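Overview (structure and organization)
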Amino acid sequence: MPEVTGKTLEEAYAALEKYDFQIDIDSSYDPDEPPLTVLAQLPEKNAIVKNARTIFLTVNKARAPLTPMPKLLDLSYRSAVMMLHSNKLKLGDTFHKPDYAVGAVLDQLYLGQSIRPGDMLPQGSSIDLIIADGFGNVEMDVPDVVGLTVMEGMAVLSGYSLTPIPIYEGVITDSATAIIYKQNPTPLNDVDQPNRIREGDVIDIRIRQSYPELE
C-alpha cells in the first residue's frame, strides 16, 4: 500500500489508480493543512492489500466549516485558550491593558474588531485577546487637561490609564464644545512642582459650557 497521506487528492488518485483500487472519500477539516489534502488513509502505508480493494481516504475540506465564537470575557487566559481550541479557533495576538481584573480577558477581537459570542467564524480563524494586567506602581506627572474639550480631555486621560470623574456645572448646551475648566489633582502643587499620579487613579474634571470669566 503506497503512502498518500499528505498528498493532494489528485496526487492520491494518480498513485492509487494503477492498482485498480476503489476509493471511498470522507472529509474532515484541519486548518493547518491545505484544502483537498489527504489527512488519513486506510489501510495505512506499507500494508499488504489486494488489487481492487476499497481504500478509504479522509480529505481536508476545500472550505473551512463555520463555528460559533465562544464567550471568553472574564475568563482567565488559560481557560480562554482552551475554549478557543475546543471551538477549533486559533489564538492570535495578546494585548495587555491596565485593569483591576488581573489575568482576565477584557475583549475578544477578530480582524481587529470586537466579536460577539455566538457569531459564526470559519474554523481556524485567529482570535486576538486583550488581557488585564493590573495597574502599575510607576508614578507619572498629572496630565494637564484644563482648557480642553470634554472629548479631548477624556482621550488624554484614557491614554494615561486614568479614571476621570466628570462633574458638570451649569447648563450644558453643547457637550461637544463644553470645556474642562478645573481638575483635581492639578498638574502642579503649591510650590509649582509636578503632582504625581498612578495608573488607574481617579481624577476629577469640572466641566462648563465655557470658561466662567467668558460668560
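In what follows, the accompanying structure is described. Keep in mind the model is a prediction, meaning the values are calculated, not measured.

**Some remarks on the pairing of strand β3 (residues 54-60)**
Pairing of strand β1 (residues 22-28) with β3, which is carried by 7 bridges, proceeds in the parallel orientation. Note that in β3 the partner of D26 across the bridge is T58. Inspection of the sheet shows strand β2 (residues 38-42) paired to β3 by 4 bridges, in the antiparallel sense. Residue pairing for β3: A40 is matched across the bridge by T58.

**Digging into the pattern of salt bridges**
Taken as a whole and judged by the stated rule, the model has 6 salt bridges. Between R196 and D141 there is a salt bridge; the shortest N-O distance is 2.6 Å. Of this pair, R196 sits in strand β13 (residues 196-198) while D141 is found in strand β10 (residues 139-141), placing the two residues 55 residues apart along the sequence. The class of R196 is partly exposed, set by a relative accessible area of 45%. R208 is the salt-bridge partner of E169, the closest N and O atoms lying 3.9 Å from each other. One end of the pair, E169, is in the loop between β11 (163-168) and β12 (179-184); the other, R208, is in strand β14 (residues 202-208), with 39 residues separating them in the sequence. Each member of the pair E169 and R208 is classed as buried. Look at the salt bridges and you will find they share partners, linking E169, R206 and R208 into a network.

**A look at the sheet that holds β12**
Read across the open sheet, the 3 strands follow the order β11-β14-β12; overall the sheet is mixed. Whereas interior strands pair on both sides, the edge strands pair on one side only; in this sheet they are β11 and β12. When strand polarity is set aside, the average angle formed by the axes of neighbouring strands in this sheet is 30 degrees. Looking at chain direction, β11 and β14 are connected through 6 bridges and run parallel. Following the sheet pairing, I165 is matched in β14 by D204.

**Some points on the side chain of Q209**
Positionally, Q209 belongs in the segment after β14. Polar contacts involving the side chain of Q209 include one to the side chain of T177, which spans 3.0 Å. Among residues more than four places away in sequence, those in contact with Q209 are V171, I172, T173, D174, T177, A178 and I179.

Here is what the cut-offs are and how they apply
Residues numbered from 1 in each chain as written. Predicted model: local features only at pLDDT ≥ 70, side-chain atom pairs only at ≥ 80, totals over all residues. Heavy atoms only, no water. Pairing = 2+ DSSP bridges. Helix = DSSP H or I, 4+ residues; strand = E, 2+ residues; numbered from the N terminus. Salt bridge = Lys/Arg side-chain N within 4 Å of Asp/Glu carboxyl O. Buried < 20%, exposed > 50% of the residue type's maximum accessible area, 1.4 Å probe, protein only. Axes fitted to C-alpha atoms, helices over the stretch in contact; angles between N-to-C directions. Polar contact = N/O pair within 3.5 Å; in protein donor to acceptor, adjacent residues only side chain to side chain. Contact = heavy atoms within 4.5 Å.

Structural measurements only, silent on function.
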